[in-house]
Amino acid sequence: MVSFCDAVLEIVIIVISACLLSGCHFYQHTCFYILAIPIFLNCVQTGLMFSISVERLIAVAWPLWYQNVQTTLLFAVSFVPGTIFGGLVVITGLVYIQANETIPTCNVPVSLNPTAYELWNRISLGVNVVMIVVYVVACVILWLKARKSSSDYIKTQITVMKTIVCIVIFYIITWVLPDFIGLAKAMFSLEAEVLIYAPSFFAHLCFTGNFYIYMWRNQSYRDCFKKMYVCDCRHRNVSFVVSAMTSSMRGPTTTAQ
């Protein structure tokens, strides 16, 4: 689902960039209405990243419960934080919509009115900071358990955690850092032109990076991708792909420690 959000956001940004390069001008209201759904999906994505961090913590701290809980339940619950976050931001953007003025570019920070932007920026920063803390705690717990046990389950969780750590580091560089830049811009009333256009550059990196990280780090992902798109597209088996990806994260069910 994170990849789906990435794809939608990247397509919208590419279309907007093409319009800007062709000489189109955007107005505040138009930009906000165009980006309303992408803004919502961006918030959902932020919530999903946080939910994944909690899922990783549960996987290493309470493995027996994690391996027995229903996948559909985890999947459904993971959408709750981001959905609430996205709803608040979009509704605030509609309620406090400001005068319809020409804007230099069209991206998420520029499209939002000051109230909605502050809400989006502060919550996004807060969630991401908590997410980083949760990952650190999960890594420490996993490291302590790995010193006491070398079970297949622990080895699987270490492999998964290494991949996710790469994603989180990339996410921090391409999304959390721009959030801090946006916070500084708002706090100190900075109007440098580079601060207006920089979010689009970082967004392109953020929305396109996960695919390559998974292809680099995750053998199951590579195998599933090849099965879906390379080997024989006439015999795609989506259930196999989902099952393989889920089992690669959960690990063996009989060796949890």
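What you are looking at is a predicted structure, and each value in this text was computed from that prediction instead of being measured. The numbering scheme is per chain: residues are counted from 1 as the chain's sequence reads. Local features are withheld for residues below a pLDDT of 70 in this predicted model, meaning they are given only at 70 or higher, and side-chain atom pairs are given and counted only at 80 or more; totals for whole chains, interfaces and linings count all residues. Computation of side-chain values covers all heavy atoms of the structure but excludes hydrogens and water.

**Here we look at the side chain of Gln28**
Worth spelling out the cut-off: Only DSSP runs of H or I covering at least 4 residues are called helices, and only runs of E covering at least 2 are called strands; the numbering of each starts at the N terminus. The contact definition used throughout considers only heavy atoms, calling two residues in contact when any of these lie within 4.5 Å.
Considering the arrangement of structural elements, one finds Gln28 in helix H2 (residues 28-61). In contact with Gln28, not counting residues within four places along its chain, are Gln98, Ala99, Asn100, Glu101, Ile103, Val110, Ser111, Leu112 and Asn113.

**What about the UniProt feature "transmembrane region" (unreviewed entry) in the chain?**
Selection criterion: UniProt positions are given in the numbering used here, feature names are shortened, and annotations may be inferred rather than shown by experiment.
As annotated by UniProt and renumbered to match this structure, "transmembrane region" (unreviewed entry) occupies residues 7-28, 34-52, 73-99, 119-144, 164-188 and 194-216. Counting secondary structure, residues 7-28 comes out at 73% helix and 9% strand; the distance between its end C-alpha atoms is 24 Å. For the annotated span residues 73-99, helix accounts for 81% and strand for 0% of the residues, and the straight-line distance between the end C-alpha atoms is 43 Å.

**Quick look at the packing of aromatic side chains**
Aromatic rings considered in pairs are described by the distance between their centres and by the relative angle of their planes. Spelled out, the test is: Stacked, edge-to-face and tilted labels apply to pairs of Phe, Tyr and Trp rings (six-membered ring for Trp) whose centres lie within 6.5 Å, assigned for plane angles under 30 degrees, over 60, and everything in between, in that order. Exposed residues in this analysis have more than 50% of their type's maximum accessible area, buried residues have under 20%, and partly exposed residues fall in between, with area computed by a 1.4 Å probe over protein chains only.
Within the structure shown, the criterion is met by three aromatic pairs. Considering the side-chain rings of Phe75 and Phe79, the 4.9 Å spacing of their centres and the 75° angle between planes classify their relative orientation as edge-to-face. A residue is classified by how much of its surface remains accessible, and Phe79, at 18% relative accessible area, is buried. Each ring, one from Tyr117 and one from Trp120, has its centre 5.8 Å from the other, and the planes form 45°; the classification is tilted. Placement of both Tyr117 and Trp120 in helix H7 (residues 114-148) is noted, with a separation of three residues, approximately one turn of the helix.

**Looking at the state of the cysteines**
Here is the rule we go by: We call a pair of cysteine sulfur atoms a disulfide whenever their separation is within 2.5 Å.
Tallying each qualifying case throughout the model produces one disulfide. A sulfur-sulfur separation of 2.1 Å characterises the disulfide bridge that pairs Cys31 with Cys106. Taking the sign of the torsion about the S-S bond as the criterion, the disulfide between Cys31 and Cys106, at about 100°, is right-handed. Taken together, the residues Cys31 in helix H2 and Cys106 in the loop between strand E2 (102-103) and helix H6 (108-111) connect sequence positions 75 residues apart. Taken individually, Cys31 and Cys106 each receive the classification buried, so the pair is uniform in this respect. Unpaired in terms of disulfides, Cys24 finds its nearest cysteine sulfur in Cys19, a separation of 4.6 Å. Judged by its relative accessible area of 37%, Cys24 falls in the partly exposed class.

**Comments concerning the confidence of the model for the chain**
Fine structural detail should not be taken from predicted coordinates in areas where pLDDT scores are low. This is how the line gets drawn: Known as pLDDT, the predictor's confidence for each residue is given on a scale from 0 to 100.
Per-residue confidence for the chain averages 76 on the pLDDT scale, and 69% of its residues sit at or above 70. Least confident of the elements in the chain is helix H11 (residues 238-250), whose mean pLDDT is 47; most confident is helix H5 (residues 80-95), at 94. Low pLDDT, under 50, characterises residues 232-248; the stretch is placed with 16 contacts to residues that sit more than four places away or in other chains.

**Things to note about the environment of Pro114**
Within the secondary structure, Pro114 is located in helix H7. Considered as a pair, Pro114 and Thr92 are 22 residues apart in the sequence and their alpha carbons are 10.0 Å apart.

**Comments concerning the pattern of salt bridges**
Basically, it comes down to this: Whenever Lys or Arg places a side-chain nitrogen within 4 Å of a carboxyl oxygen from Asp or Glu, that contact is recorded as a salt bridge.
Across all of its chains, the model carries two salt bridges by this definition. Glu118 is the partner of Arg122 in a salt bridge, and the nearest nitrogen-oxygen pair spans 3.8 Å. Of the two residues, Arg122 and Glu118 are both situated in helix H7; the distance of four residues between them amounts to about one turn of the helix. By relative accessible area, which is 43% here, Glu118 ends up partly exposed.

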